Amino acid sequence: MIEEALRERLGPVTGLRQLAGGASKEAWALEAGGRKLLVRRAGVGVIHRDTLTLEQEFRVLEAAHAAGVKVPRPVEYLGELDGREAFAMEFVEGETIGRRIVRDPPARLPEQMADELALIHAIPAPDFLPGGDVVARFYDELDSVEEPHPAIEYGLAWVRERLPEGRERTFCHGDWRIGNLVVGPEGLRAVLDWEFAHVGDPVEDVAWPLVRAWRFGADARRLGGVGDVEPYLERYNERTGRDVGLDELLVWEVLGNVKWAIGCLTQSRRHLRGQDRSVEYAVLGRMAAEMEYELLHLIERAAA
Amino acid sequence: MTHHDRPTALELLEAVTEFLAGEIAPALDDHRLRFRTLVALNALGIAYRELAAGAGDTVSPAPGAAPGAEDALRELAARIREGGAPPDVLPLLKEHVAAKLRVSNPRYLDAYEA
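These figures come from a predicted structure and were not determined experimentally.

Conventions used here
- For every chain, the first residue of the written sequence is number 1, and numbering continues from 1 onward in sequence order.
- Each chain is given a letter, starting from A, and each ligand a number, starting from 1, according to the order in which they appear as written.
- Local features in this predicted model are restricted to residues of pLDDT 70 or higher, and side-chain atom pairs are both shown and tallied only at a pLDDT of 80 or more, whereas totals for entire chains, interfaces and linings draw on every residue.
- Secondary structure elements are taken from DSSP: a helix is a run of H or I of four residues or more, a strand is a run of E of two residues or more, and numbering for both begins at the N terminus.
- In this description, any two residues whose backbone-derived C-beta atoms lie within 7 Å of each other are considered to be in contact.
- The burial criterion counts other C-beta atoms lying within 10 Å of a residue's C-beta, which is placed from the backbone; the residue is buried at 20 or more, exposed at 12 or fewer, and partly exposed between these limits.
- Strand pairing is assigned whenever DSSP identifies at least 2 bridges connecting the two strands.
- A set of buried residues drawn from Ala, Val, Leu, Ile, Met, Phe, Trp, Tyr and Cys, joined through C-beta atoms within 7 Å, is what defines a nonpolar core.
- The convention used is that axes are lines fitted to C-alpha atoms, helices contributing only their stretch in contact, and that angles between N-to-C directions extend from 0 to 180 degrees.
- With respect to orientation, any angle under 35 degrees is reported as roughly parallel, any angle over 145 as roughly antiparallel, any angle of 65 to 115 as roughly perpendicular, and every other angle as oblique.
- We call a crossing left-handed when the near helix sits turned anticlockwise from the far one by less than a right angle, and right-handed when that turn is clockwise.
- Here the term charged refers only to Asp, Glu, Lys and Arg, the term nonpolar to Ala, Val, Leu, Ile, Met, Phe, Trp, Tyr, Cys and Pro, and the term polar to all other amino acids, Gly among them.
- Domain borders in the structure are assigned automatically or taken from a domain database.

Q: Run through the overall build of chain A, naming residues and quoting values.
A: Assigned secondary structure in chain A consists of 10 helices and 9 strands. Referenced to the eigenvectors of the C-alpha coordinate spread, the extents of chain A come out at roughly 65 × 45 × 40 Å. Considering only contacts within chain A whose residues lie at least 6 apart along the sequence, 67% involve residues at least 24 apart.

This is how it looks when you write it as structure tokens:
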């Protein structure tokens, strides 16, 4: 059925196959008009709070492409494809699986990440992007879980006292980390997954790949399991004229652990509340404790 | 009180775990299905450890509260949000979370002991 719908939009289609990947979005690889394409389509049923529609995500991808960011070239917004929104973009060959990338990361990847993030933070923000207060949003999401989490509360209270005010707000990718980058032996090829794009403090993005869960087991390399933090931060500051320090980055790293802990809890509720029954979502509820422990550890170490 | 026959709940979980790990997982070519089967095995492992540890033993006490009381955790959470975290609450929170991890993912804690 999806093949037929694709043929109507893109002409003759060959080699259609569904790729493994995100639970909330489907990804299909195919060839059409002599090009390798990737079609991204909404998952069954659920609409996330605070994520973009696929049409908005496509507009963001166009804005990123126009700003010179390495992204798959946007091809076409397809509207509803067999009942669910979708768009087509160029298929970029390379590795996206975090565990494989951290096994032998390209030497230049950290500085390439800094360069790319500097470009991303200069993308003119489309006016539909959300841009609320990040701490207030996390409190709301945590309350929606309806389960007490004093460790997460502790993290949020600690962060709330330390978040610097007055940093200018910019376009933010919102899920900037290993796993959402296409990587080849030479390094960074493309930035994927723009559904969490928003307007906010750019340091949120800078710190997100430092979160332990996104090091994919390669804990000695604190930047996403691929390199040291200092050269990445120095390069980012150089490219943007900002003066982000390690202490400020730590506050956002703690908040990153809060964010992923809450993300696990809210996703498990999709299973528990019957919106999206799946053993994958279910077990995430028990994974939140890993981020809770990490954020307490970071706070304890910072005080020492 | 009903006394159930064997296999016990733990032994049933063990039997299903052995079946999934020994017979189903190796027979799966579809990598998405295989991944979900491993996730399911992980879920069974969590349930097994929680039952083996004994009910009520898995959530450690919040300060000044009976072990495992959700109300006490709720009260502590609210106090922290209001800015009134008890002094020296951090080690207690760590122990509370560590107790959850000993059930959900015992090996996770190893990284912090190195």
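Q: Describe the pairing of strand 7 (residues 181-184) of chain A, listing the residues and the values that go with them.
A: Residues and elements named next belong to chain A. Of the two faces of strand 7, only the one carrying L181 and V183 is buried; V182 and G184 on the other face are not. Sheet analysis places strand 7 next to strand 8 (residues 187-191), joined by 4 bridges and oriented antiparallel. Pairing of L181 across the sheet is with V191, part of strand 8. Between the antiparallel neighbours strand 7 and strand 8 lie 2 residues.

Q: Just give me the short version of the nonpolar core, but keep the residues and values in it.
A: All names here are of chain A. One finds A64, V254, V258 and A261 to be the most contacted residues of the largest nonpolar core, which totals 96 residues. Sorting elements by how many residues they give to this core places helix 10 (residues 279-303) first, with 12 residues. If sequence neighbours within four positions are ignored, A261 has contacts with I152, A288, M291 and E292.

Q: So what's going on with the packing of helix 6 (residues 150-162) of chain A against helix 10 of chain A? Which residues, and what values?
A: Residues and elements named next belong to chain A. Two elements in contact, helix 6 and helix 10, have axes whose closest approach is 9 Å; the angle formed by their N-to-C orientations is 40 degrees. One finds that helix 6 runs oblique with respect to helix 10. Seen from above, helix 6 lies across helix 10 with left-handed handedness. Between helix 6 and helix 10, the contacting residues are A151, I152, Y154, G155 and W158 on the first element and E292, L295, L296 and I299 on the second.

Q: Which residues make up the interface of chain B and chain A, and what values do they have?
A: With 30 residues of chain B in contact, the opposing surface of chain A contributes 23 residues. When residues of the side of chain B that touches chain A are traced back to their parent elements, those giving at least two are helix 2 (31-53), helix 3 (70-81), helix 4 (89-104) and helix 5 (110-113) of chain B. Classifying every residue of the side of chain B that touches chain A by side-chain character gives 18 nonpolar, 5 polar and 7 charged.

Q: Explain the packing of helix 10 of chain A against helix 2 of chain B residue by residue, including any values.
A: Running from N to C, helix 10 of chain A and helix 2 of chain B cross one another at 40 degrees; their axes reach a closest spacing of 9 Å. Compared by their axis directions, helix 10 of chain A and helix 2 of chain B come out oblique. Seen along the crossing, helix 10 of chain A lies across helix 2 of chain B with a hand that is left-handed. On helix 2 of chain B, the residues touching V279(A), E280(A), A282(A), V283(A) and R286(A) of helix 10 of chain A are R36(B), V39(B), A40(B), N42(B), A43(B) and I46(B).

Q: An account of the domain arrangement of chain A is requested, with residue identities and associated values reported.
A: Residue and element names in this part refer to chain A. Taken as a whole, chain A is organised into domain 1 (2-90) and domain 2 (98-303). Placing a centre on the C-alpha atoms of domain 1 and another on those of domain 2 gives a separation of 24 Å. On the domain 2 side, the residues contacting the 19 residues of domain 1 number 23 residues. Considered class by class, the residues forming the side of domain 1 that touches domain 2 number 11 nonpolar, 4 polar and 4 charged.

Q: Lay out unusual backbone geometry in plain terms, naming residues and giving numbers.
A: Excluding glycine, residues mostly have negative phi values, and the peptide bonds linking residues are mostly trans. In this structure, P7(B) follows R6(B) across a cis peptide bond, with omega equal to 0 degrees. Despite not being glycine, F216(A) has its phi angle at roughly 50 degrees, a positive value. Of the residues examined, F216(A) has 21 C-beta atoms within 10 Å and is grouped as buried. Of note, D88(B) is a non-glycine position whose phi angle comes to about 60 degrees, a positive value. Considering the arrangement of structural elements, one finds D88(B) in the loop between helix 3 and helix 4. Under the C-beta neighbour-count criterion, D88(B) is labelled exposed, with 8 such atoms within 10 Å.

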